[in-house]
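These are the residues of each chain, in order.
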Amino acid sequence: MHPSPRAARRRLQRAALTSSAVLLALAAGALPAQAAPAAPAAPPGATAAAPATTGRGLDRAALRASLEAVHEAGMYGTFSAVRDGSSQWRGAAGVADVDTRRPVRSGFRHRVGSITKSFAAVAVLQQVRAGRVDLDAPIGRYLPELVPGERGRTITVRMLLNHTSGIGDHILPAFPGLLEDPGKALDEGRFRHHAPEELVRLGLAAPPGAPRGTYAYSNTNYVIIGLLLREVTGQEPEEYITDHVIRKAGLRHTYFPRTPHLTGPHAKMYESMYGTITPARDYSVYDMSWGGIAGSLVSTTEDLNSFYRQLLGGRLLGPAELRAMKTTVPAHPVEPGEEAVMRYGLGLSTVRMADGRWYWGHDGAVFGAGTLALSSEDGRRQIAVALNLMKYQHVNEDGTVDPHPIDLALNRHIETALGITRPAAPAAPFASPDVAAPGAGAPVAPAPAAATVATRPFEVLSRLRG
């Protein structure tokens, strides 16, 4: 049985409260780092290095089967682009519209959420190279009225880019009633326009997720980054990023939407909010000013692979700026003696996967749409994958979130794309029927206990990030 709407909302509130600004990450099968295969460690505060991939080739049949498994586990529609050197594969599974059963296609445009942050960080680092921005300068030097007082004097540009500023997140206050009645709050906000200065005020007034100097993800950091870009370039940040990042990379299907509507072929985007919106509702038409430079970009999986390949290959930034971007901090709490399996740089994440290697990229989620992009450090092996149903998981009474068969299937597709092999495991049910998504197929076996899956496919309520 599904919980009553009132019980589901209580669980949703607990999930938000227990998570604070820390991710409720669904890292299926995650173990402490020492249980993983030996691999080069990421020195604290430094670049996380990975050996070059060997290029085992693409198993197209396995890629098709693993992507279909994501749909069979309950995902409405998913599409993916995979590269191994010059070899490429694209695939899609499921439906773009649950009513018409229109199929999802691999080349669809998609709201990619916080992957926008990688583009924004590249733009700022271009200004660093030009001498107009100092990463270690206080933000008050550039925007004294926006971030006044002690915070303006002590929060640096680098702290904004790597989420160590101690500034709270504006998302929950920007959507009044989101925890009490998510469907109503999202419906009322569909065509509401938010000025970036308003979002910054909300974020500055929100409780911090962690003390300054400690990683705590906040969309408000990047709204401030957008206003910094406007100040030092004289252009609106969307225009600057389009001219100097998107066009420089030659991305043909990546853009900032001018209206709540997407242009080009795309899927509907369904939000469940952990069962509090039943049936899941389409939010593909939405005013994305609430995300802005933190998360309003539209792209394709192929364009994302191209962007990260060029970024990691040094074609979008100078060597010093790329090194700065890849200088990381732990992105989750660790016990003494443990190593973080996820780290965050300047608009760029790195995660250690089950093969012991570090992969670079970012993920993103907006209402109804999720995206993940990962690349080996040499840019040879890549995956970008998109989903059109979000927050399909089950929230427990204590606010914790159970992994769903979709999460396990998605991790397996990601590993297949990256050429990561696991020992065979016997099939076993993972979740009881009351947590399965509508239309879920055969149960998905849990990941073997001896492996680390550092990927947290998509963030949940505490992040709700653009």
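Counting restarts for each chain, with residues numbered from 1 along the sequence as it is written. Per-residue local features of the predicted model are confined to residues with pLDDT of at least 70, and side-chain atom pairs are confined, for both listing and counting, to 80 or more; whole-chain, interface and lining totals are unaffected and use all residues. Neither water nor hydrogens contribute to the side-chain values; these are computed over all heavy atoms in the structure.

Things to note about the confidence of the model for the protein
Definition in use: Scored from 0 to 100, pLDDT reflects the predictor's confidence in each residue. Should any heavy atoms of two residues lie within 4.5 Å, those residues are considered in contact.
Of all residues in the protein, 78% have pLDDT values of 70 or greater, and the mean over the chain is 83. Ignoring residues within four places in sequence, the model shows residues 17-55, a span with pLDDT below 50, making 104 contacts including any to other chains.

Brief notes about the pairing of strand 12 (residues 381-387)
Successive residues of a regular strand alternate their side chains across the two faces of the sheet. How we decide: Residue burial is assigned from relative accessible area. The probe radius is 1.4 Å, only protein chains are included, and a residue is buried under 20% of its type maximum, exposed over 50%, and partly exposed in between. Under the scheme used here, helices are H or I runs from DSSP no shorter than 4 residues and strands are E runs no shorter than 2 residues, and both carry numbers assigned from the N terminus. Being paired, for any two strands, means DSSP has found at least two bridges between them.
Burial runs high along strand 12: seven of the seven residues are buried. Going residue by residue along strand 12, you find Arg-381, Ile-383, Val-385 and Leu-387 tucked away on one face and Gln-382, Ala-384 and Ala-386 tucked away on the opposite face as well. Two strands pair when backbone bridges link them, and strand 1 (residues 77-84) and strand 12 are joined in this way by seven bridges, in the antiparallel orientation. Within strand 12, the position partnered with Val-82 by the bridge is Ile-383. Two strands pair when backbone bridges link them, and strand 11 (residues 369-376) and strand 12 are joined in this way by six bridges, in the antiparallel orientation. The partner of Thr-371 across the bridge, within strand 12, is Ala-386. In this structure, the hairpin formed by strand 11 and strand 12 is closed by a connection of four residues, where Gly-379 is found at a positive phi of approximately 75 degrees.

What to know about helix 9 (residues 219-233)
Along an α-helix, a turn takes 3.6 residues, which lines up residues three or four apart on a common side. Under the convention used in this document: Each helix should span, by expectation, one fewer than its residue count multiplied by 1.5 Å.
Over its 15 residues, helix 9 runs 21 Å from end to end, which matches the ideal 21 Å to within 8%, given 1.5 Å per residue. Across the 15 residues that make up helix 9, a large majority, 12, are buried. Residues Asn-219, Thr-220, Asn-221, Tyr-222, Val-223, Ile-224, Ile-225, Gly-226, Leu-227, Leu-228, Leu-229 and Val-232 constitute the buried set of helix 9. At its buried positions, helix 9 is contacted by helix 3 (116-129), helix 5 (157-161), helix 6 (171-174), helix 8 (196-205), helix 10 (237-246) and strand 8 (342-344). Gly-234 occupies a position one or two residues after helix 9 and carries a positive phi of about 75 degrees.

Things to note about the pattern of salt bridges
Just so we agree on the cut-off: For salt bridges, the criterion is a side-chain nitrogen of Lys or Arg within 4 Å of an Asp or Glu carboxyl oxygen.
Inspection of every chain in the model, using the stated rule, returns 16 salt bridges. Across the pair Arg-230 and Glu-236 runs a salt bridge, and its minimum N-O distance is 3.8 Å. Residue Asp-355 pairs with Arg-357 through a salt bridge whose shortest N-O separation is 3.7 Å. Three or more residues are tied together by salt bridges with common partners; here these are Asp-84, Arg-380 and Arg-381.

Observations concerning unusual backbone geometry
The omega torsion of the bond from Thr-278 to Pro-279 falls at -5 degrees, within 30 degrees of zero and hence cis. Summarising the element assignment, Pro-279 is placed in the loop between strand 4 (270-271) and strand 5 (281-282). For Met-273, which is not a glycine, the phi torsion comes out positive at approximately 50 degrees. By secondary structure assignment, the location of Met-273 is in the loop between strand 4 and strand 5. Here the phi dihedral of Lys-391 falls at roughly 55 degrees; this positive angle occurs in a residue that is not glycine. If you trace the backbone, Lys-391 turns up in the loop between strand 13 (389-390) and strand 14 (394-395).

Quick look at the nonpolar core
This is how the line gets drawn: Nonpolar cores were defined as sets of buried Ala, Val, Leu, Ile, Met, Phe, Trp, Tyr and Cys residues, with membership established by side-chain atoms within 4.5 Å.
Ranked by internal contacts, the top residues of the largest apolar core, which has 115 residues, are Phe-119, Ile-139, Val-157, Ile-241 and Leu-311. Those residues in contact with Val-157 that sit more than four places away from it in its chain are Val-124, Val-133, Asp-134, Leu-135, Ala-137, Ile-139, Tyr-142, Ile-225 and Leu-228. Phe-79, Phe-108, Ala-267 and Ala-386 belong to the second-largest nonpolar core, a separate cluster that totals six residues.

Digging into the sheet that holds strand 10 (residues 358-366)
Strand order in this open sheet of eight strands is 2-1-12-11-10-9-8-7, and the pairing throughout is antiparallel. A single partner strand is all that each edge strand has here, and the edge strands are strand 2 (87-94) and strand 7 (329-330). Taken together, the four bridges between strand 9 (residues 349-352) and strand 10 define a ladder with antiparallel strand orientation. Residue pairing in the sheet places Ser-349 in a bridge with Gly-361 of strand 10.

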